[in-house]
Amino acid sequence: MAPFLLAAAAAGVLFSALAQGYANPEPCKGTSCGDGHDPALARLSDGTYVRFSTGGGGRIYNAPSLSGPWTYKCDMLPSGSRISSSGSKDLWAPDVSLVGSTYYVYYSVSDFGTQVSEIGLATSKTLECGTFTDHGSTGVSSVAGKSYNAIDPNLILVDGEYKLSFGSFWGDLFQVPMKTPPTAASGAAVALAFEPKTTHAEEGSFMILRNGYYYLFYSHGQCCGLDTSTPAAGDEYMIRVCRSLSATGPFIDEDSVSCQNGGGTIVLQSHGDVYAPGGQSVYLDPVEGSWVIIYHYFSRKKGVADADSLYSWNRLNWSNGWPSV
Ligand SMILES: *[C@@H]1O[C@H](CO)[C@@H](O)[C@H](O)[C@H]1NC(C)=O
């Protein structure tokens, strides 16, 4: 990297740290604070936290608290998904929800940079190792030429109907209504958010309902390969949010810019030693008594290769009706 780019990158970091004053990632304890891509969380009735992340048959970690100590337990589907694909043993971006008395874990099967993708489903009553039934594809899928790339699923219950948000690059973020129970789509996809600029780098959506608003969190920018193809400062992963009174939109940001036209308020971006936070999910945590955001990031000191990703979390502050860290 040329010296002037390094200086610009350093100045960018300083500016955002001063302007935003982001909280540092909460400390993480245990042997499994790394390998943190795209975390999703469930909390069992005994208080155990179960964290899923990208890779293999879907990584599963357990901990007694959000900060750990985290222990790797197993892969959700040790021999991969039954979906026939070169990506079937490398499941991405799991999403976990309790549907009735059964946990539904959606996952993505794809290959980097292609639109040939499917969203699969596994279920379990307990989230214990060896208890997952793979149902294969939900039918939410994409091929070259579609307006979306069917990865990064997230389920939400809206007025008694399940909806699945998904999408990554191309036409960005979409949502389909789901059957009950939510094993397959029941209707056509609607568009939620779009970044018109350059590569349309939005993905990893996660929707919550709070005080009458649907908040659409997502990751913006380049997630991966940050050591080998370093993006310009500000083009790396960051977490943004939009909101709407309806789960299907229209979504706007804090400055009332349409999220179908590049809007999106920054929730968390690179600051200090923290680089490229993203892959987030958001929960109302009963222990904290507040909304928390869990995410992965890189430590500039420890390294920014894909294998260096770290898990952490922060409390969300909603003082002006918009989430901040
Ligand atoms: C939330 O943010 C507001 C505005 O920046 C600040 O005044 C308040 O102290 C914050 N609350 C907490 C709990 O950090």
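Residues numbered from 1 in each chain as written. Predicted model: local features only at pLDDT ≥ 70, side-chain atom pairs only at ≥ 80, totals over all residues.

Chemist: Give me the lowdown on the overall build of the chain, citing residues and values where you can.
Modeler: Along the chain, the regular secondary structure elements total one helix and 19 strands. The C-alpha atoms of the chain give 18 Å as radius of gyration, which agrees with the globular expectation for 325 residues (20 Å, within 12%). Along the three orthogonal principal directions, the C-alpha set of the chain runs to about 50 × 40 × 40 Å. Buried positions account for 47% of the 325 residues belonging to the chain. Nonlocal contacts in the chain, meaning residues at least 24 apart in sequence, comprise 51% of its contacts between residues at least 6 apart. (Helix = DSSP H or I, 4+ residues; strand = E, 2+ residues; numbered from the N terminus. Rg over C-alpha atoms; globule rule 2.2 N^0.38 Å. Buried ≥ 20, exposed ≤ 12 C-beta atoms within 10 Å, placed from the backbone. Contact = placed C-beta atoms within 7 Å.)

Chemist: Explain the environment of Tyr103 residue by residue, including any values.
Modeler: Relative to the assigned elements, Tyr103 resides in strand β6 (residues 102-109). Setting aside chain neighbours within four positions, we find Tyr103 in contact with Ala42, Val96, Leu98, Thr123, Ser124 and Leu127.

Chemist: Describe unusual backbone geometry, and please don't skip the residues or the numbers.
Modeler: Glycine aside, a negative phi is what most residues show, and trans is what most peptide bonds show. That bond from Gly68 to Pro69 is cis: its omega, 0 degrees, falls within 30 degrees of zero. Inspection of the secondary structure puts Pro69 in the loop between β3 (59-63) and β4 (71-75). The omega angle of the peptide bond from Thr180 to Pro181 is -5 degrees, so this bond is cis rather than trans. Within the secondary structure layout, Pro181 lies in the loop between β11 (173-177) and β12 (190-193). Even without being glycine, Phe169 reaches a positive phi, approximately 55 degrees. Counting through the fold element by element, Phe169 comes out in the loop between β10 (161-166) and β11.

Chemist: Tell me about the sheet that holds strand β7 (residues 117-124), and please be specific about residues and values.
Modeler: Strand order in this open sheet of four strands is β5-β6-β7-β8, and the pairing throughout is antiparallel. The outermost strands of the open sheet, each flanked by one partner alone, are β5 (92-99) and β8 (133-142). Strand-to-strand, the axes of this sheet are offset by a mean angle of 25 degrees, without reference to chain direction. Examined bridge by bridge, β6 and β7 share seven bridges and lie antiparallel to one another. (Pairing = 2+ DSSP bridges. Axes fitted to C-alpha atoms, helices over the stretch in contact; angles between N-to-C directions.)

Chemist: Any details on the sheet that holds strand β16 (residues 265-268)? Residues and values, ideally.
Modeler: With antiparallel pairing, four strands are arranged side by side in an open sheet as β13-β14-β15-β16. Only two strands of the sheet have a single neighbouring strand rather than two, namely β13 (202-210) and β16. Going from strand to strand, the sheet's axes swing by 30 degrees on average, the running direction of each strand aside. One ladder, built from seven bridges, connects β13 with strand β14 (residues 213-220); its direction is antiparallel. Paired with Glu203 across the two strands is Ser219, which belongs to β14.

Chemist: So what's going on with the environment of Leu164? Which residues, and what values?
Modeler: With respect to the secondary-structure elements, Leu164 resides in strand β10. Judged by local crowding, Leu164 falls into the buried class, with 28 C-beta atoms found within 10 Å. Separated by 103 residues in the primary sequence, Leu164 and Tyr61 have C-alpha atoms spaced 24 Å apart. Apart from residues no more than four positions distant in its own chain, Leu164 is found in contact with Val140, Pro153, Asn154, Leu155, Gln175, Val176, Met178 and Pro182.

Chemist: An account of the environment of Asn261 is requested, with residue identities and associated values reported.
Modeler: Tracing the backbone through its elements, the reader meets Asn261 in the loop between β15 (238-244) and β16. With 66 residues separating them in the primary sequence, Asn261 and Glu195 have C-alpha atoms 6.0 Å apart. In this structure Asn261 touches Phe194 and Pro196, once residues within four positions along its chain are discounted.

Chemist: Explain the nonpolar core to me, and be specific about the residues and the numbers.
Modeler: Residues Val105, Ala193, Met207, Leu216 and Phe217 are the most contacted members of the largest nonpolar core, which totals 83 residues. Among the elements that take part in this core, β6 stands out by supplying six residues, more than any other. Once residues within four sequence positions are removed from consideration, Val105 is found in contact with Phe52, Gly58, Met76, Pro94, Asp95, Val96 and Ala122. (Core = buried A, V, L, I, M, F, W, Y, C linked by C-beta atoms within 7 Å.)

Chemist: Report on the pairing of β15, specifying residues and quantitative values.
Modeler: Consecutive side chains along a regular strand alternate between the two faces of the sheet. Buried residues dominate β15, accounting for six of its seven residues. The pairing of β14 with β15 spans seven bridges and is antiparallel. Counted as the bridge partner of Phe217 is Val241 from β15.

Chemist: How would you sum up the pairing of β6? Please name residues and give values.
Modeler: In terms of burial, β6 is largely enclosed, as seven of its eight residues are buried. Pairing of β5 with β6, which is carried by six bridges, proceeds in the antiparallel orientation. Bridge pairing in β6 places Val99 opposite Thr102. The loop that links β5 with its antiparallel partner β6 comprises two residues; one of these, Gly100, has a positive phi angle of about 65 degrees.

It is worth stressing that arrangement in space is one thing and function is another; only the former is reported here.
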